[in-house]
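Fold and geometry: a report
So you can see what is in the structure, the chains are spelled out below.
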Amino acid sequence: MALVTQTDILPASRIVLANQRLEGVVLRTPLIENPLFSELYSARILFKREDLQVVRSYKLRGAYNKMCQLSDSAKAKGIVCASAGNHAQGVAFSCSSLKISGKIFVPQTTPRQKVDKVKLFGKEHVEVILHGDTFDDAYKAAVEESAASGRNFIHPFDDEEIIAGQGTVGLEIIADNQKVDYLFLPVGGGGVSAGVGSYFKQLSPHTQIIGVEPEGAPAMKRSLEAGERVFLPSIDKFVDGAAVKQVGEHTFRICQQVLDDIVLVPEGKVCTTILQLYNEEAIVVEPAGALTLAALDAYKEKIAGKTVVCLLSGGNNDITRMEEIKERSLLHERLKLYFLIRFPQRAGALREFLVHVLGPKDDISRFEYTKRNNRASGPALVGVELEKKEDYQQLLQRMDSHGIDYQLINDDPMLFNMLV
């Protein structure tokens, strides 16, 4: 592993200067203790509500801090950026505020709600270009546009002025609460963890800083393990605000020093947390915004009795994604199961399954024969929705005791994706 020194982290003075530039532009978002999560984890859990920021994420902080320092000639040429959505909104807002022309590349998979917000914030100053399936595809196109046109490229995370701007989140946390035992930060490209982590390591060195990545895009964790930046050939794009194939050079260097640990959270667990926040707290967050809370289970014993801050990084969730979010949550919690079942070819076999195998509150959510032209030789695809987690093992026991010929396909990605 490369040697990391104190000079590798961003000086606190640069974050203080960034904070001064952002006065009157960004909101000083609240740091609020949450009774529900505090009771659940026997700790003092505080939410840093960046989902309430002007563009509903912290990304405005870095974008504006970078763009307001451009020279007059650079502003005249305009800017270009790539983003999965939130950075694009921050850049668009900055373009409109600073009267700078901007070309913004976003993946075609970006939720429509985010694309519409980019156009709303940027008004006539920005052009939104949908390109590729991932952030990395959009990034490549944006870099090529910058080289061809001479427009300044505004990186979403791997720029020290961007990092300093994101670091102002940490400045506000410390100003509001001097004692923080654990700080949970979402990690995508690493900008906010590098910025906030730099500030905390200098002003609150006792705080344990925990980075959180989606399980399907562990670019920072793999890089920290290898001691160098690792490129992931494929990722799960669901947590779009934190799904990158490779972290930044600056951010990796800083995160090597400021992160005390990094936790991977399954995408299904993220979905469960989104629904919990919505149903029980009336808080709307996007998948990346729920990462830190979804990671608390991994630290439940360590954080008991401690003061814990979780960054809710963004609230730009598209309502059209809620069905997928619910489905992923049910699958993760083992409340929705999909089986291939080969029923005996005799009268009453299906009835026996319904009466004797399914529990009184189990519900069949899907039933279809996989070989429709000859049901006698093909299994049926059966989806079962349960009421409680405890019902899962009991259902499997009843299927085994009644000799049901079945295959659970939830954990078989190839079969599951093909059939469901």
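Predicted model only: the values in this text are computed from it and were never measured. Position numbers for residues start from 1 in each chain and track the written sequence from start to end. Residues qualify for local features only when their pLDDT is at least 70, as the model is predicted, and side-chain atom pairs are given and counted only at 80 or more; totals for whole chains, interfaces and linings, by contrast, use all residues. In computing side-chain properties, one takes all heavy atoms of the structure into account and sets aside hydrogens as well as water.

**Overview of the overall build of the protein chain**
Looking only at helices and strands, the protein chain features 18 helices and 14 strands. We compute the radius of gyration from the C-alpha atoms alone; for a globule the expected value is 2.2 Å times N to the 0.38, where N is the number of residues. Relative to the 2.2 N^0.38 estimate, which gives 22 Å for 420 residues, the radius of gyration of the protein chain is 24 Å and therefore close to what a compact globule would have. Viewed in the frame of its principal axes, the protein chain has a C-alpha envelope of about 80 × 50 × 40 Å. Accessibility here uses a 1.4 Å probe with only protein chains present; expressed as a share of the type maximum, an area under 20% marks a residue as buried, one over 50% as exposed, and anything in between as partly exposed. Residue burial in the protein chain is summarised as follows: out of 420 residues, 57% are buried. Counted over contacts in the protein chain with a minimum sequence separation of 6, partners at least 24 positions apart contribute 75%. Per-residue and other accessible areas were derived by the Shrake-Rupley procedure at a 1.4 Å probe size, with only the shown protein chains allowed to occlude residues. For the protein chain, the exposed surface amounts to about 17900 Å²; the carbon and sulfur share of it is 49%. Only runs of H or I of at least four residues qualify as helices and only runs of E of at least two qualify as strands under DSSP, and these elements are numbered from the N terminus. What makes two residues a contact is simply this: any of their non-hydrogen atoms within 4.5 Å.

**A short note on the nonpolar core**
Judged by nonpolar contacts, the single largest core of 49 residues is most densely connected at I173, L183, V196, F200, M220, L259 and V309. In this structure, I173 is in contact with L31, K48, V180, L183, F200 and V309, ignoring residues within four places of it in sequence. What makes a nonpolar core is a set of buried Ala, Val, Leu, Ile, Met, Phe, Trp, Tyr and Cys residues whose side-chain atoms join them at distances within 4.5 Å. Judged by nonpolar contacts, the second largest core, of 35 residues, contains F184, V212, A295 and L296.

**Quick notes on the packing of aromatic side chains**
Think of it this way: a Phe, Tyr or Trp ring, Trp meaning its six-membered ring, pairs with another when their centres are within 6.5 Å, and the plane angle makes it stacked under 30 degrees, edge-to-face over 60, tilted otherwise. On inspection of all chains with the given rule, the structure shows 10 aromatic pairs. Geometrically, the ring pair formed by Y182 and Y299 is edge-to-face, given 5.8 Å between the ring centres and 65° between the ring planes. Of this pair, Y182 sits in strand β7 (residues 182–186) while Y299 sits in the loop between α13 (291–294) and α14 (300–303), and the two are 117 residues apart along the sequence. Given the relative accessible area of 13%, Y182 is considered buried.

**Section: the packing of helix α9 (residues 191–203) against helix α11 (residues 249–258)**
Here α9 crosses α11 at 45°, and the two axes come no closer than 9 Å. Taken together, the axes of α9 and α11 are oblique relative to one another. Of the two possible hands of crossing, α9 and α11 adopt the one that is left-handed. The residues of α11 that touch α9, namely those facing G191, S193, A194, G197, S198 and K201, are T251, I254, C255, Q257 and V258. Classes in brief: Ala, Val, Leu, Ile, Met, Phe, Trp, Tyr, Cys and Pro nonpolar; Asp, Glu, Lys and Arg charged; the others, Gly included, polar. Its residues placed into classes, the contact of α9 with α11 shows four nonpolar, six polar and one charged. Fitted lines through C-alpha atoms serve as axes, helices being fitted only where they are in contact, and the angles separating the N-to-C directions of these axes extend from 0 to 180 degrees. Note on angle classes: values under 35 degrees are labelled roughly parallel, values over 145 roughly antiparallel, values of 65 to 115 roughly perpendicular, and the remainder oblique. The crossing is said to be left-handed when, going from far helix to near helix, the turn is anticlockwise and less than a right angle, and right-handed when the turn is clockwise.

**Concerning unusual backbone geometry**
The backbone of A282 sits at a positive phi, close to 55°, despite the residue not being glycine. When you line up the elements, A282 lands in the loop between α12 (267–281) and α13. Assessed through its relative accessible area of 66%, A282 is described here as exposed. Positive phi, close to 60°, is recorded for R334, a residue that is not glycine. By the secondary structure assignment, R334 is in the loop between α15 (322–332) and β11 (336–342).

**Quick notes on α12**
Between the first and last residue of a helix there are one fewer steps than residues, each counted as 1.5 Å, and that sum is the expected span. Helix length check: α12 (15 residues) gives 20 Å between terminal C-alpha atoms against 21 Å at 1.5 Å per residue, within 8%. If you follow the buried residues of α12, they end up packed against α2 (35–41), β2 (44–49), β8 (208–214), β9 (261–265), α13 and α15. Of the residues one or two after α12, A282 is the one with positive phi, at around 55°.

**Comments concerning the sheet that holds strand β3 (residues 79–82)**
Pairing is parallel across the open sheet formed by four strands, whose spatial order is β5-β4-β3-β6. Across the chains shown, the open sheet's two edge strands, defined by having one partner strand only, are β5 (126–130) and β6 (152–154). Direction aside, neighbouring strands of the sheet carry axes that sit 20° apart on average. Taken together, the five bridges between strand β4 (residues 102–106) and β5 define a ladder with parallel strand orientation. By the bridge assignment for β5, I104 is matched with V128. Of the strands in this sheet, β3, β4 and β6 touch helix α7 (residues 135–149), which is tilted by about 165° from β3. In this analysis, strands are considered paired if DSSP registers two or more bridges between them.

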